[in-house]
Amino acid sequence: MTKIKYKFNKKSLTFERARVTFKKRLLYFFTHLSTGVVFAAVVLIIAYNFLDSPKEKAQKREIEQMTLQYRILNDQLDRVTKLIADLQDRDDNIYRVIFEAEPIPSSVRQAGIGGVDRYEKLKGYKNSELLIETQKTMDKILGQLYIQSKSFDEVFDLAKNKEKMLVSIPAIQPVSNKDLRRIGSYFGSRTDPFYKVYKFHEGIDFSASVGTEVYATGNGTVVEAGRNAGYGNEIIIDHGYSYKTTYAHLSRMFVKPGQKIRRGQIIGYVGNTGKSTSPHLHYEVRKNGIAVNPIYYFFNDLTPEEFQMMLELSSRPSQTMD
């Protein structure tokens, strides 16, 4: 029941019943309503910014747990990356060396992921940086594993063909050379006998009489057999596995281009053709088109002591024979 209100009339000095107009009632209502709305708004702002609802608290705990798991995952990915690096090192410096295969370039192993922005969908979140870095690491690992898998496939094929490779790689001296001092000039910088200047000699000169038998140093296919100005009568054999050998200044040749050759097969005779000062065989070994020291490819018919002696003789200054 609404209480009756009175007010004091100063003129009549009596209490009179207070009559509240509709306007005042309406003003009173809106005043209380506004106060309530403001109070409610303040409470909501405080609650929204400083207090978490049970659902928000659960979500925050879930996000914290997820962040922790991502950091743990990143640590594990770092360990996987180190293991992959170890595999790559052994692959390049052990397995591929054993099978005479070129190491995989670092630019290929570390190739990035191209194309459009692959991580656009991960942007715009509080932990976007963590998510993107994790995904990038994972993509990098997957790429490296794919390349490593292909490398192991190649090494496996080389292992299956190991016997074929071993009989193809140059491994003997091209002439019968029991007396190692018959080598007239070695691989390296030597004096040219015609121009008397110091130049790089890309092979070895075996001093021998005309008609001395010349042997193929490994299985392969003849790619050239003919006259070549300075080298005279010349034979070039492609052994596969990036190896080629050259036999120059021959007096006779018993092979022709395209012919299959076996190690130890007689392919010609020592001569004195082309740019030559005396009868000898000029012999070269090339790996990937680059001349390499043939001494390191005589391992089938040299003892360790003979190999050491040959290295010592090769270090002495000399003049080439062509």
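As a reminder, the structure under discussion sits directly above these lines.
Calculation notes
Residues numbered from 1 in each chain as written. Predicted model: local features only at pLDDT ≥ 70, side-chain atom pairs only at ≥ 80, totals over all residues. Heavy atoms only, no water. Helix = DSSP H or I, 4+ residues; strand = E, 2+ residues; numbered from the N terminus. Buried < 20%, exposed > 50% of the residue type's maximum accessible area, 1.4 Å probe, protein only. Contact = heavy atoms within 4.5 Å. Areas by Shrake-Rupley, 256 points an atom, 1.4 Å probe, with all protein chains shown as cover. Salt bridge = Lys/Arg side-chain N within 4 Å of Asp/Glu carboxyl O. Patch = residues over 30% accessible without salt bridge, like charges linked within 9 Å, V, L, I, M, F, W, Y side chains within 5 Å. Phe/Tyr/Trp six-rings, centres within 6.5 Å; stacked < 30°, edge-to-face > 60°.

What about the overall build of the protein chain?
Line of reasoning, step 1. Summing up its helical and strand segments, the protein chain has six helices and 14 strands in all.
Line of reasoning, step 2. Going through the 322 residues of the protein chain one by one, you find that 32% of them count as buried.
Line of reasoning, step 3. If you take every contact in the protein chain between residues at least 6 apart in sequence, the share linking residues at least 24 apart comes to 65%.
Line of reasoning, step 4. Of the accessible surface of the protein chain, which amounts to about 20,900 Å², a share of 59% is contributed by carbon and sulfur atoms.

Digging into the pattern of salt bridges
Between side chains of opposite charge, pairing is possible as soon as their charged atoms come close.
Line of reasoning, step 1. A complete count under the given rule lists three salt bridges for this structure.
Line of reasoning, step 2. For the salt bridge of R286 with E202, the shortest nitrogen-to-oxygen distance reads 2.5 Å. With R286 in strand β13 (residues 280-287) and E202 in the loop between β5 (198-201) and β6 (204-207), this residue pair connects regions lying 84 residues apart in the sequence.
Line of reasoning, step 3. Given the relative accessible area of 22%, R286 is considered partly exposed.

Brief notes about a nonpolar patch on the surface
Line of reasoning, step 1. A cluster of nonpolar side chains, F22, L26, F29, F30, L33 and V37, forms an exposed patch at the surface whose accessible area comes to about 610 Å².
Line of reasoning, step 2. Counting through the fold element by element, V37 comes out in helix α1 (residues 22-50).

A word on the environment of A229
Line of reasoning, step 1. Its location among the elements puts A229 in the loop between β8 (220-228) and β9 (232-240).
Line of reasoning, step 2. Accessibility expressed as a relative area gives 65% for A229, which makes it exposed.
Line of reasoning, step 3. As for A229 and G274, which are separated by 45 residues in sequence, their C-alpha atoms are 5.8 Å apart.
Line of reasoning, step 4. Those residues within four positions of A229 in sequence are excluded, and the remaining contacts are G274 and K275.

A short note on the packing of aromatic side chains
Line of reasoning, step 1. Across all of its chains, the model carries six aromatic pairs by this definition.
Line of reasoning, step 2. Ring centres 4.8 Å apart and planes at 90 degrees place the aromatic pair F254 and Y269 in the edge-to-face group. Of this pair, F254 sits in the loop between β10 (243-253) and β11 (260-261) while Y269 sits in strand β12 (residues 266-270); the two residues are 15 residues apart in sequence, bridging distant segments of the chain.
Line of reasoning, step 3. For the ring pair Y283 and F298, a centre distance of 6.3 Å and an interplane angle of 25 degrees mean the geometry is stacked. Placement of Y283 in strand β13 and of F298 in the loop between β14 (290-292) and α6 (304-314) is noted, with a sequence separation of 15 residues between them. Of the two residues, Y283 and F298, neither departs from the other in class, the shared state being buried.
Line of reasoning, step 4. Within the aromatic cluster, the residues linked to one another by ring pairs are F206, Y247, Y283 and F298.

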